[in-house]
Each structure stands twice: as C-alpha cells, then as structure tokens.
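Structure at a glance
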Amino acid sequence: TVATGHNITFESPDLCALRGSSVQFRCLYSYPEQESVKETAWFKGELINDIWKRTRLSELPSFQDRFEYRGDLQHNCSLVLHSIHSVYLIVTGLNASVHPKRVRAGDHVTLECKTKCQLPVVWFKDGQTVTKSTFQAQAEDAGKYSCAIEGHESVQSDPVVMNVWYSPLNVSVEQSGSGLLSAGSSLNLTCDSAANPAADNYTWYRRSASDSGPLIQVGSGQVLSFSSFSASDTGSYICRARNSLGENVSSGVQMKLEEANYNLFIVLGLGLTVIILFFLPLIIIWAWRRRQCNSAAPEENHSHDYENFFYPKH
Ligand SMILES: *[C@@H]1O[C@H](CO)[C@@H](O)[C@H](O)[C@H]1NC(C)=O
Ligand SMILES: *[C@@H]1O[C@H](CO)[C@@H](O)[C@H](O)[C@H]1NC(C)=O
Ligand SMILES: *[C@@H]1O[C@H](CO)[C@@H](O)[C@H](O)[C@H]1NC(C)=O
Ligand SMILES: *[C@@H]1O[C@H](CO)[C@@H](O)[C@H](O)[C@H]1NC(C)=O
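Residues numbered from 1 in each chain as written. Chains lettered and ligands numbered in written order. Predicted model: local features only at pLDDT ≥ 70, side-chain atom pairs only at ≥ 80, totals over all residues. Heavy atoms only, no water.

With that out of the way, let us pick up the overall build of the protein. Helix and strand counts for the protein come out as three helices and 23 strands. Counting every position in the protein, which comprises 314 residues, the buried fraction comes to 27%. Taking the contacts inside the protein whose residues are at least 6 apart along the sequence as the reference set, 55% of them involve residues at least 24 apart. Counting every atom, the protein has about 21600 Å² of accessible surface; 54% of that belongs to carbon and sulfur. (Helix = DSSP H or I, 4+ residues; strand = E, 2+ residues; numbered from the N terminus. Buried < 20%, exposed > 50% of the residue type's maximum accessible area, 1.4 Å probe, protein only. Contact = heavy atoms within 4.5 Å. Areas by Shrake-Rupley, 256 points an atom, 1.4 Å probe, with all protein chains shown as cover.)

Here we take up unusual backbone geometry. With an omega of 0°, the peptide bond between His99 and Pro100 qualifies as cis. Turning to its location among the elements, Pro100 is positioned in the loop between strand S8 (95–99) and strand S9 (103–104). Cis peptide bonds are those with omega within 30 degrees of zero, and the linkage from Asn196 to Pro197 qualifies with 0°. By the secondary structure assignment, Pro197 is in the loop between strand S17 (187–196) and strand S18 (201–207). A positive phi angle, close to 50°, is found at Asn49, a residue other than glycine. Mapping Asn49 onto the fold places it in the loop between strand S4 (43–48) and strand S5 (51–56). Taking relative accessible area as the criterion, Asn49 reaches 72% and is therefore assigned exposed. At Asp126, a position not held by glycine, the phi torsion is positive, near 50°. Residue Asp126 is classed as partly exposed on the basis of its relative accessible area, which comes to 47%.

Moving on, we get to the confidence of the model for the protein. Overall, the predicted model of the protein reaches an average pLDDT of 84, with 83% of residues at or above 70. Predicted confidence for residues 87–91 stays below pLDDT 50, and this span has nine contacts to residues more than four positions away or in other chains. Confidence drops under a pLDDT of 50 for residues 299–314, and excluding neighbours within four residues, the segment shows one contact in the predicted structure. (pLDDT = per-residue confidence, 0-100.)

A word on the sheet that holds S9. The strand order across the open sheet built from four strands is S9-S16-S17-S20, with neighbouring strands paired in mixed fashion. In this open sheet, the two edge strands, each paired with only one partner strand, are S9 and strand S20 (223–226). Direction of pairing for S9 relative to strand S16 (residues 164–175): parallel, over a ladder of two bridges. Considered in S16, the bridge of Val103 is made with Val164. (Pairing = 2+ DSSP bridges.)

Every residue lining ligand 2 is accounted for by Ser167, Leu169, Asn170 and Asn248. The side chain of Asn248 places a nitrogen or oxygen atom 2.3 Å from an oxygen atom of ligand 2. Protein coverage of the free-state accessible area of ligand 2, which is 360 Å², stands at 42%. Of the residues forming the shell around ligand 2, the biggest block, three residues, is contributed by S16. The residue makeup of the shell around ligand 2, split by class, is one nonpolar, three polar and no charged. (Near = heavy atom within 4 Å. Polar contact = N/O pair within 3.5 Å; in protein donor to acceptor, adjacent residues only side chain to side chain. Nonpolar A, V, L, I, M, F, W, Y, C, P; charged D, E, K, R; others polar.)

Here is the structure:
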C-alpha cells in the first residue's frame, strides 16, 4: 500500500527474462520531502483463496541467495533476481511475421520477430537456419518461417507461412514417345512451367524451317496433340505459358521427320554421283592426253618404221 505522496515507478513493467539468466527490476520511489525512509523490502505477492498474500523475499526459501537489493534509502528500490526459473515471457513473447503480407518474386521482404526481449533473434525456414532477415524474394524462398532468441533455439515462435507469387519460369516443351518422328505418327507436345499460381493459359507457336521465319500460332492448351504428323508440321515449336502475374516462353524445340535425314543422304549421294560423273571423264581425258604426250616421240620412230616398211611397195 502506498500512502498519499508516496509513489513507486517500475522502469520496464514488461520484463524479459530468460531461464537461468539474471534480471533487474529497476524501481524508483518518491515520498514527501519531510519524511525519511527507514527500511525497504521486496515482497512476493500471491493470490491465495482470493486473498492477496505478501511474503518478504528474505523469508522465502526459494529466493535464498537469489535476490539482491540494489536500492538505497533515498529513491532507488531496484532489485536483481538471479537464476530465473520462468520462461513465461519467451514462450508468449515471440511473434513472427513477414512483410509485405503478399510477396511477389523480386519484392524486398522483411522478417519481423516481435519479442519483449531486446535480444538477438535467429530465423528458421522449414527448420533450416536463415542467415538474413531481409532479402529479395525468389520463388525458392517460399516456406514456413519461425524465430527464436539466439541461444534458446528450442523455443520457437509459431511458424508463419510465406507464399511467393511469380510469373512462369523454366517454361519447357516435352515430346511424348521417342525422338524419331515418321510421317503419320501421333505425338503430344506438353508445356511445363514453374509458376505461382500455376500457369493456366498456354499458346503454341511454330516457326517454319528457317530461323527467321514468322511465328505462326498453332494451338492452345497445355498439350499440343498431333494425330498424324506430316511434313508441313515440321519446324521449331515454342510454348508460351501465362498466369495472372505474367508470361514467359520456352526455347524452340525442333520437330522434323525422320525422312529428313534420309533426304540428306540422298542429296549427299546425288552430289557425290554428279561429282564423280562430271570429273571422272575429265580425269580419264587428262590421263589419256598425258599418255599420248609421253609416247609421242617413240611413236614417230615407229611410224618411220611403218613408212620404211611400206615404202618399197610404191
Ligand atoms: C528453374 O530451373 C532452375 C535450373 O534448373 C532451378 O534451379 C530452379 O529451381 C527452377 N525454378 C523453379 C521455380 O522451379
Ligand atoms: C522467363 O524465365 C526465365 C527462366 O526460365 C527467367 O530467367 C526470366 O526472367 C523469365 N522472364 C520473365 C519475363 O519472367
Ligand atoms: C496424347 O495425349 C492424349 C491425351 O491428352 C492421349 O490420349 C494420347 O494417347 C497421347 N498420345 C501420345 C502419342 O502420347
Ligand atoms: C490467354 O491469353 C490470351 C492473351 O495472351 C488471351 O487472349 C486469351 O483469352 C487467354 N485465354 C484464356 C482461356 O484465358
């Protein structure tokens, strides 16, 4: 009970105490100037049968050697308690939150751990330690976050879920069946992407043979089906995936008929034949001419012989 003109002030009414640590209750009191203080004492209050019962700390065995009066008889009534038993403040005092509430890829995110304790906190994401409490969000950062007081990691806050929203990434095209395509075969091209929310709008484009050719829209939906693939279907296929946040495209996937390879062999074969047919006579002629030149002189003698041989007949 405090009489008129008497006043007691606690500097930090919400104290933060960790199990095993010491805590100081900073306390000041005031009283009329003409009075003087003879004695001070700290009590522990307890409600027993609706009656508030006070017991001097010095009379409580559990406080033996654990409390220390730091005050004086002037205005200071501070008390230090050692070897705190309760972790009440920690358990109720940790509150994790993520800002902003709705996170998009690229946003700057801040993890906030509200606690009555002015002590360093650590963060966990899905049970793994997180090094930074502010970062630029990426798709991979989605998960459950919780915080704890450093050194007291076993007592964690309730987890807070961070969902990261992002437009399609890693858009890719997958072809059903084996890679070899013959005319008339059926196949599916499936468009895959990572997106949050999942992509729900797909558009297919084809670029005919040449890379600079125009993009032609050839379908929509996650799967592009061909019941009978034909030569006119060959080209480079591109898929565009879209969700509410944006869109992205796959790289081109070449689709060509198996015959295309045989055609190449035929072209090569024809070319080789033309070369052989064109050059072989030239080589033969050249070889023949060369042979003629080399045998020119002996042939002259030979013709002389002939001449001599036939001469007498005239
Ligand atoms: C996109 O692909 C890369 C490389 O394969 C991978 O590391 C990343 O996790 C993927 N992104 C998503 C959101 O799946
Ligand atoms: C498209 O996806 C790639 C990864 O597959 C990513 O690097 C790029 O930023 C995305 N583009 C857009 C506009 O989202
Ligand atoms: C293509 O997909 C459809 C269903 O979308 C399926 O019935 C068909 O068997 C698939 N064809 C191939 C070649 O995988
Ligand atoms: C898909 O997106 C295109 C625009 O790229 C739009 O014209 C079309 O209506 C969308 N389709 C659906 C089913 O939402």
